[in-house]
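Structure assessment
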Amino acid sequence: ANIERQAAAESLDAMQATAMPYVTAVLRTGTEAEKRGAAAYLIGRVALHDDATVDALIGALTAADDALRHSALQAIEKLPDEQLRRARPGLTELAKRATEDEAYRVRAVRAIGKLGADGRDAVPDLLQLARDDATRDLQRSAFDAIAKVATPEASENFFVEVLKSNAQKDLRRIAARRLIQEAVSPQSLAGLVAAFKDTEAEVRNEAANSLVAIGRPAVPQLIQGLQDADVQIRRRATQALGRLNTVAVEAVPA
């Protein structure tokens, strides 16, 4: 009964740290119902110094019981970064679980993204999720996490690959936008210029917007675009250079 659970939670709150070892023990060895209750109780209540409780929550990410896994994830999402790092393997496994509700897989991926460079070990799995066209929301959340946790080189290589070959126009458009944030290498710039001949106007426009946002470093590649055999690339390179105004003064002779 909700009223009984709420009364128990209020009583445990009054006991504060004294109650935590008992909650932790129940989370590890109680019945499924008791584990679910303990995980739900811990949402937003995990003591920062209580490593045993954190470890018990992380272990609950692999539980067979749906409600227990989901309550554990909700509690783990609220952990500070230092403790969230310890949950990274469990979060990755939950995100990869094909039978899991997609909404919770997305939340696990977003939690990994919060780790930044500390989530780098998850990059191979994130790349796999990002290439799975069957799970659109999960795929997009993986895109976002890759941009946050992968090395600039790995992230850039992935988004250039998407821009060149992904069948979904929305993902090509996202890739074009993401390349603004990556290391501005000749590979990225060439990929954005090549996207001027994309079949979808939204992707072409996003590529142009990215090159204009990159600014001066994009000018040499746009100048090369003026010599391209494809008239679409020549035309859009001209337009992008015009939008750059005096930043692109070196392009005047071309």
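Report on the accompanying structure. (Residues numbered from 1 in each chain as written. Predicted model: local features only at pLDDT ≥ 70, side-chain atom pairs only at ≥ 80, totals over all residues. Heavy atoms only, no water.)

**A closer look at the nonpolar core**
Judged by nonpolar contacts, the single largest core of 80 residues is most densely connected at L27, I76, L91, F196 and L222. Among the elements that take part in this core, helix 10 (residues 136–149) stands out by supplying seven residues, more than any other. (Core = buried A, V, L, I, M, F, W, Y, C linked by side-chain atoms within 4.5 Å. Buried < 20%, exposed > 50% of the residue type's maximum accessible area, 1.4 Å probe, protein only. Helix = DSSP H or I, 4+ residues; strand = E, 2+ residues; numbered from the N terminus.)

**Notes on helix 1 (residues 2–15)**
Taking 1.5 Å of rise per residue, the 14 residues of helix 1 would be expected to cover 20 Å, and the 20 Å separating its terminal C-alpha atoms lies within 8% of that figure. Downstream of helix 1 by a residue or two, Q16 has a phi angle that is positive, lying close to 55°. (Expected span 1.5 Å × (residues − 1).)

**Quick word on the packing of helix 7 (residues 88–96) against helix 8 (residues 102–113)**
Across the interface, helix 7 lies against helix 8 with an axial gap of 8 Å and an inter-helix angle of 145°. Helix-helix and strand crossings are classified by hand; for helix 7 and helix 8 the assignment is left-handed. Only Y104, R105, A108, V109, A111 and I112 of helix 8 make contact with helix 7, whose side of the interface consists of L91, T92, L94, A95 and K96. Of the residues contributing to the contact of helix 7 with helix 8, the split by class is eight nonpolar, one polar and two charged. (Axes fitted to C-alpha atoms, helices over the stretch in contact; angles between N-to-C directions. Left-handed = near helix turned anticlockwise from the far one by under 90°. Contact = heavy atoms within 4.5 Å. Nonpolar A, V, L, I, M, F, W, Y, C, P; charged D, E, K, R; others polar.)

**Regarding the pattern of salt bridges**
The final tally for this structure, using the stated rule, is 23 salt bridges. For R69, the salt bridge goes to E100, with nearest N and O atoms at 2.7 Å. On the criterion of sequence distance, the pair formed by R69 in helix 5 (residues 66–77) and E100 in the loop between helix 7 and helix 8 is long-range, its members being 31 residues apart. Across the pair, exposure class does not vary: R69 and E100 are buried alike. With a shortest N-O distance of 2.3 Å, D144 and R178 are connected by a salt bridge. Highlighted residues: D144 in helix 10 and R178 in helix 12 (residues 169–178), separated in sequence by 34 residues. By relative accessible area, which is 24% here, D144 ends up partly exposed. Given the relative accessible area of 17%, R178 is considered buried. Residues participating in the shared-partner salt-bridge network are R140, K169, D170, R173, E200 and E202. (Salt bridge = Lys/Arg side-chain N within 4 Å of Asp/Glu carboxyl O.)

**Focus on the packing of aromatic side chains**
Within this structure, the stated rule accounts for three aromatic pairs. Consider the rings of F143 and F158, whose centres lie 5.1 Å apart with planes at 80°: the pair is edge-to-face. Highlighted residues: F143 in helix 10 and F158 in helix 11 (residues 152–165), separated in sequence by 15 residues. By the burial criterion, F143 is buried, and F158 matches it. On the numbers, 5.7 Å between centres and 65° between planes, the contact of F143 with F159 is edge-to-face. Placement of F143 in helix 10 and of F159 in helix 11 is noted, with a sequence separation of 16 residues between them. For the residue pair F143 and F159, the accessibility class agrees, reading buried in each case. Members of the aromatic cluster, connected to one another through ring pairs, are F143, F158 and F159. (Phe/Tyr/Trp six-rings, centres within 6.5 Å; stacked < 30°, edge-to-face > 60°.)

Function cannot be inferred from these measures alone, as they are strictly geometric.
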